[in-house]
Each structure stands twice: as structure tokens, then as C-alpha cells.
Amino acid sequence: MTLGERLRLVRGAESQKAFAAALGVHENSVANAERRDSATQDYLLRIAEVRNINLHWLLTGHGTMRLEDPEGSLLQEKLALALTHALRVAYGAK
């Protein structure tokens, strides 16, 4: 899994605009990081802080996604994201 994919997983079903607002960053920061598979240190630290994300996982893909989560949580996050995507396809994105 690439950094961009992990960033999209953290954002989940939330729009890039809403995610950026929650982090207090510009929407372009979110789009660029996800598309280019690279992000500034400040951006990654902000995500880790605001969303309680394990920075080691965010950088490497190893360990648990969220701090103090059981090992199975990444699978749960992926399943939730896949379900959200399937519902958007079936009912149309809003």
C-alpha cells in the first residue's frame, strides 16, 4: 500500500474539502498528497494528531493504523471504505 493509499484510507468517505477543513489545511494539500504519494512532515503530523493515527503506520504501512487499536482495525477500516465505495456506486455520489 502506498502513502497515497494510506492517506485515502485515513480520509475514508469524507470529501477532500471536509477533511482539509477538519485538519486546518488547504484542500490542495489533501489532493496533492494523495495523488503524488508524498506529503510534508507538518501535514503528516497534523493527520496523526487530529485523527489519532499511528505515524509509523502512516509512513511505513506497518503496525496498526490508529493508536491503541487492535491489529485487526486496518481490515475493519478497509472493509468500511469498500462498503462506502460500493454504496456510492450503487446509489450515486452526493
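Criteria and cut-off values
- Residues numbered from 1 in each chain as written.
- Predicted model: local features only at pLDDT ≥ 70, side-chain atom pairs only at ≥ 80, totals over all residues.
- Heavy atoms only, no water.
- Helix = DSSP H or I, 4+ residues; strand = E, 2+ residues; numbered from the N terminus.
- Axes fitted to C-alpha atoms, helices over the stretch in contact; angles between N-to-C directions.
- Parallel < 35°, antiparallel > 145°, perpendicular 65-115°, else oblique.
- Contact = heavy atoms within 4.5 Å.

**Quick look at the environment of S38**
With respect to the element layout, S38 can be found in the loop between α3 (27-36) and α4 (41-51). Once the C-alpha coordinates of S38 and R8 are considered, the two residues, 30 residues apart in sequence, prove to be 12 Å apart.

**With respect to unusual backbone geometry**
Unusually for a residue other than glycine, D37 sits at a positive phi of about 60°. With respect to the helices and strands, the residue D37 is situated in the loop between α3 and α4. Non-glycine residue N52 carries a positive phi angle of around 55°.

**Thoughts on the packing of helix α2 (residues 16-23) against α4**
At their nearest, the axes of α2 and α4 sit 10 Å apart, and the two run at 85° to each other. Classified by the angle between their axes, α2 and α4 sit roughly perpendicular to one another. Here F19, A22 and L23 of α2 lie close against α4, whose contacting residues are Y43, R46, I47, V50 and R51.

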